[in-house]
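Chain by chain, the residues:
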Amino acid sequence: MLIEEDQAKVKIFSSAVSLILSEIHANIKKKLIQSIKDTLNIGELTAVLVLNTNITITIQLCGCVAWLRSLIHMGAVKTNEDFWDNVDVKLVQMHLLSKGNLAMLNKAFINFLKDDHEHYGAPKKKVADMTSLTGWQVELDHASKANPATTTTEEI
């Protein structure tokens, strides 16, 4: 009986987490789309995305956000219900094309950031570099450098 009760609690918890994450994804996508209409620069957009969080805006984060916005701007992914699945496919493609070469991936994200500056303007405020951070944001950056095709969650 205890296992059945625990399974029921796990199911309720999983459903709640799934709903929250779906809402977060929908909110991010909505803000990305709106930023194109409002022509927010990458600093402004990233600030909107991390509002009310403990996330420090970094060059690396801005590069990732610029990449996401470019997928919409260039029509590389549709903004339908499959948006995040398509983003995952594009990210795996980038990892495969770079053959796990972090310098190549970093250069790609920097290029997306430069293109974003050309379309929407450069940020007015200076952003942090990952070298100035500590804690979970550094760990997340480290985990994001793993090859998704060959890395398991245990390795991260």
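Residues numbered from 1 in each chain as written. Predicted model: local features only at pLDDT ≥ 70, side-chain atom pairs only at ≥ 80, totals over all residues. Heavy atoms only, no water.

Engineer: Report on the pattern of salt bridges, specifying residues and quantitative values.
Structural biologist: Across all of its chains, the model carries one salt bridge by this definition. Of the charged contacts in the structure, one is a salt bridge between Arg 69 and Asp 116, with a shortest N-O distance of 2.7 Å. Here the residue Arg 69 occupies a position in helix H3 (residues 59–73), and Asp 116 occupies one in helix H5 (residues 102–120), the gap between them amounting to 47 residues. Judged by its relative accessible area of 4%, Asp 116 is buried. (Salt bridge = Lys/Arg side-chain N within 4 Å of Asp/Glu carboxyl O. Helix = DSSP H or I, 4+ residues; strand = E, 2+ residues; numbered from the N terminus. Buried < 20%, exposed > 50% of the residue type's maximum accessible area, 1.4 Å probe, protein only.)

Engineer: How would you sum up the nonpolar core? Please name residues and give values.
Structural biologist: Formed by 17 residues in total, the largest nonpolar core has its most connected members in Leu 32, Ile 42, Trp 67, Phe 83 and Val 87. Elements with a minimum of two residues in this core: helix H2 (42–50), H3, helix H4 (83–98) and H5. If one sorts the elements of this core by residue count, H3 sits on top with seven residues. Sequence-distant contacts of Val 87, that is, excluding residues within four places in its chain, are made with Trp 67, Leu 68, Leu 71 and Val 77. (Core = buried A, V, L, I, M, F, W, Y, C linked by side-chain atoms within 4.5 Å. Contact = heavy atoms within 4.5 Å.)

Engineer: How would you sum up the packing of aromatic side chains? Please name residues and give values.
Structural biologist: In total, this model carries three aromatic pairs according to the counting rule given. When the centroid spacing of 6.0 Å and the interplanar angle of 75° are considered together, the rings of Trp 67 and Phe 109 count as edge-to-face. Residue Trp 67 is found in helix H3, and its partner Phe 109 is found in helix H5; the two are separated by 42 residues along the sequence. Take Trp 67 and Phe 109: they sit in the same class, and that class is buried. Note on Phe 109 and Phe 112: the rings are 6.5 Å apart at their centroids and 55° apart in plane angle, and the pair reads as tilted. Taken together, the positions of Phe 109 and Phe 112, both in helix H5 and three residues apart, correspond to about one turn of that helix. Phe 112 gets classed as partly exposed once you look at its relative accessible area, which sits at 25%. Aromatic rings pair up to connect Trp 67, Phe 109 and Phe 112 into one cluster. The ring of Tyr 120 carries Arg 69 above its face, with NZ or CZ at 3.8 Å from the centroid. (Phe/Tyr/Trp six-rings, centres within 6.5 Å; stacked < 30°, edge-to-face > 60°. Lys NZ or Arg CZ within 6 Å of the ring centre and 35° of its normal.)

Engineer: Residues and numbers for H4, please.
Structural biologist: The end-to-end C-alpha separation of H4 is 23 Å, in line with the 22 Å expected for 16 residues at 1.5 Å each. Lys 99 sits one or two residues past H4 and shows a positive phi near 55°. (Expected span 1.5 Å × (residues − 1).)

Engineer: Explain the environment of Ile 42 to me, using residue names and the numbers behind them.
Structural biologist: Looking at the secondary structure, you find Ile 42 in helix H2. Here Ile 42 falls in the buried class, since its relative accessible area comes to 0%. The spacing of Ile 42 and Tyr 120 is 78 residues in sequence and 7.3 Å in space, taken between C-alpha atoms. Other than its neighbours up to four places away in sequence, Ile 42 contacts Cys 62, Val 65, Ala 66, Arg 69, Leu 113, Asp 116, His 117, Gly 121 and Pro 123.

Engineer: Hey, could you go over a nonpolar patch on the surface for me, with residue numbers and the actual values?
Structural biologist: Residues Phe 13, Val 17, Ile 20, Leu 21 and Ile 24 make up a contiguous nonpolar surface patch of about 470 Å² in total accessible area. Mapping Phe 13 onto the fold places it in helix H1 (residues 2–38). Judged by relative accessible area, which is 58%, Phe 13 ranks as exposed. (Patch = residues over 30% accessible without salt bridge, like charges linked within 9 Å, V, L, I, M, F, W, Y side chains within 5 Å. Areas by Shrake-Rupley, 256 points an atom, 1.4 Å probe, with all protein chains shown as cover.)

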